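Residue-level structure breakdown
For reference, the chains in residue letters:
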Amino acid sequence: MASLSLRNICKKYPGGVLAVQDFNLEIKDKEFIILVGPSGCGKSTTLRMIAGLEEISAGELYIGDRLVNDVAPKDRDIAMVFQNYALYPHMTVFDNMAFGLKLRKTPKEEIKRRVEEAARILDIEHLLQRKPAALSGGQRQRVALGRAIVREPKVFLLDEPLSNLDAKLRAQMRTEISKLHLRLGTTFIYVTHDQTEAMTMGTRIVVMKDGIVQQVDTPQHLYDLPCNSFVAGFIGSPQMNFLDAKVLKEDDTFFVEFGSEDTKTRSGVKYKIRLPESKNKDNCLEPYANKEVIIGVRPEHVHDEEELIAKFPDGIVEANVEVTELMGAEKYIYTVCEGQNINGRVAPTSTARPGETIKITIEPGKIHIFDKDTNVTITN
């Protein structure tokens with residue numbers, strides 16, 4: 001079994017810098033866990049503590065039922081794949097992959113079997129006699145993965161392994177690593193700042209900010225049910241739109257209102273969107289009546305097609321188009337409505353043009369509402 005348990009893990013550097021605070025996570029055997037967050041959030045530090053390359057300042061780390069806080073990295077039965085590949089330039093691919101096994105005094109026949117099997121899995125059999133300088137970035141990454149595979153560890157740790165590759169190769173290697181995880185049936189813990197990698201590869205995602213875990217959930221739940229505005233904005237591309245707004249209550253119906261209106265000049269417009277009853281689950285909106293909030297809406301829930309504008313009449317607003325980006329299967333439109341940005345992911349046939357004022361609609365049932373002071377989710 002290769003389950004892991006991180007209990008109240010902290011990392012404090014000299015000078016009182018807290019890199020990781022009170023990190024708690026239970027990882028099941030064979031899970032693919034992704035640690036994601038902006039640079040400096042503590043995700044790589046957490047991975048290095050699991051590997052034993054960083055000392056744990058406080059808390060307990062278990063691999064299986066074994067407390068490993070004071071266990072040397074080589075005795076933890078883990079293998080780590082680094083961002084910069086860390087290959088020996090003077091050795092062939094075969095010798096790079098075999099190096100760890102040779103140090104462990106593994107019999108030569110067993111080394112040969114394991115290296116050839118890993119090379120076959122990764123489709124690098126034809127590269128075994130080359131040296132790293134003669135390999136492309138993607139091939140070097142495969143060799144680094146192969147070096148980890150031959151050790152047959154309980155846990156794979158991958159620290160931003162695709163960040164040095166170009167976009168096309170990154171997409172290809174994402175698929176390869178996902179297939180590798182299914183094939184090996186081993187626990188994977190993967191660090192990235194790229195939320196696309198996180199969404200497409202992980203069985204569960206850990207979102208971190210400033211050394212603190214914000215939310216741990218499946219990719220779909222993180223996307224649909226973010227616990228705060230940071231998670232909502234970090235997961236999803238293009239990112240969620242955030243608007244300053246106010247909650248209004250009229251009779252038993254709740255609305256969100258945004259925009260600006262100058263009573264002296266009568267310039268500006270205030271837009272009022274009626275919220276469906278589902279947004280007031282457990283009467284969560286009642287304490288926010290007549291209070292300012294932040295509303296969030298994902299670009300795919302902003303529409304400029306006539307039939308969808310007719311379908312969601314409660315969410316219609318006027319906006320000025322600033323930029324459009326045709327992505328082939330879809331178009332991104334970047335608009336400004338009463339001084340606030342509203343970006344949409346619409347059909348490629350959209351006729352929106354920069355400089356135009358157009359009607360768009362926001363799906364009321366897809367609006368997220370966040371507390372303006374704490375950024376915590378009020379309703380999804």
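In this report, the structure presented in the accompanying data block is examined. Keep in mind that this is a model prediction, so the values were computed, not measured. (Residues numbered from 1 in each chain as written. Predicted model: local features only at pLDDT ≥ 70, side-chain atom pairs only at ≥ 80, totals over all residues. Heavy atoms only, no water.)

Considering the arrangement of structural elements, one finds Arg 183 in helix H5 (residues 167–184). Separated by 62 residues in sequence, Arg 183 and Ile 121 have C-alpha atoms that sit 9.1 Å apart. (Helix = DSSP H or I, 4+ residues; strand = E, 2+ residues; numbered from the N terminus.)

With that settled, the discussion passes to the nonpolar core. Met 97 and Ile 177 are the most contacted members of the largest nonpolar core, which totals 48 residues. Take this core: its biggest share by element is six residues, from helix H3 (residues 108–122). Ignoring any residue separated from it by four or fewer positions in sequence, one finds Met 97 in contact with Val 115, Ala 118, Ala 119, Ile 124, Leu 128, Val 143, Gly 146, Arg 147 and Val 150. Ranked by size, the runner-up nonpolar core spans 30 residues in total, among them Ile 273, Leu 285, Val 346 and Ala 352. (Core = buried A, V, L, I, M, F, W, Y, C linked by side-chain atoms within 4.5 Å. Buried < 20%, exposed > 50% of the residue type's maximum accessible area, 1.4 Å probe, protein only. Contact = heavy atoms within 4.5 Å.)

Another point: the packing of helix H2 (residues 93–103) against helix H4 (residues 137–149). At a closest axis distance of 8 Å, the pairing of H2 and H4 adopts a crossing angle of 30 degrees. Note that H2 runs across H4; the crossing there is right-handed. For the pair H2 and H4, contact is made by Val 93, Asn 96 and Met 97 and by Val 143, Gly 146 and Arg 147, respectively. Its residues placed into classes, the contact of H2 with H4 shows three nonpolar, two polar and one charged. (Axes fitted to C-alpha atoms, helices over the stretch in contact; angles between N-to-C directions. Left-handed = near helix turned anticlockwise from the far one by under 90°. Nonpolar A, V, L, I, M, F, W, Y, C, P; charged D, E, K, R; others polar.)

The omega angle of the peptide bond from Ser 237 to Pro 238 is -5 degrees, so this bond is cis rather than trans. Position of Pro 238 among the secondary structure elements: in the loop between helix H8 (229–234) and strand S11 (241–250). We note that Glu 160 has phi near 45 degrees; this positive angle belongs to a residue other than glycine. Mapping Glu 160 onto the fold places it in the loop between strand S7 (155–159) and H5.

Within strand S18 (residues 340–346), five of the seven residues are buried, which leaves it mostly tucked inside the rest of the structure. Sheet topology places strand S17 (residues 331–337) next to S18; seven bridges connect them, and they run antiparallel. If you follow Tyr 334 over to S18, its bridge partner there is Asn 343. The hairpin turn running from S17 into S18, its antiparallel successor, is two residues long, and Glu 338 in that turn takes a positive phi close to 50 degrees. (Pairing = 2+ DSSP bridges.)

Tracing the sequence through the fold places Ser 163 in the loop between S7 and H5. Judged by its relative accessible area of 27%, Ser 163 is partly exposed. Separated by 30 residues in the primary sequence, Ser 163 and His 193 have C-alpha atoms spaced 9.0 Å apart. Among the polar contacts listed, one links the side chain of Ser 163 to the side chain of Gln 83, at a separation of 3.0 Å. Within polar-contact distance, the side chain of Ser 163 engages the backbone oxygen of Glu 160 at 3.2 Å. (Polar contact = N/O pair within 3.5 Å; in protein donor to acceptor, adjacent residues only side chain to side chain.)

Moving on: the pattern of salt bridges. Taken as a whole and assessed by the stated rule, the structure comprises 20 salt bridges. The closest approach of N and O atoms between Asp 244 and Lys 372, which form a salt bridge, is 3.7 Å. With Asp 244 in strand S11 and Lys 372 in the loop between strand S20 (368–371) and strand S21 (377–379), the pair connects residues that are 128 residues apart, well separated along the chain. In this structure Lys 372 comes out as partly exposed when scored by relative accessible area, which is 32%. Linking Lys 270 and Glu 257 is a salt bridge whose minimum nitrogen-to-oxygen distance equals 3.9 Å. Separated by 13 residues along the polypeptide, Lys 270 in strand S13 (residues 270–274) and Glu 257 in strand S12 (residues 253–259) bring together distant segments of the chain. (Salt bridge = Lys/Arg side-chain N within 4 Å of Asp/Glu carboxyl O.)

Nothing here speaks to function; it is all geometry.
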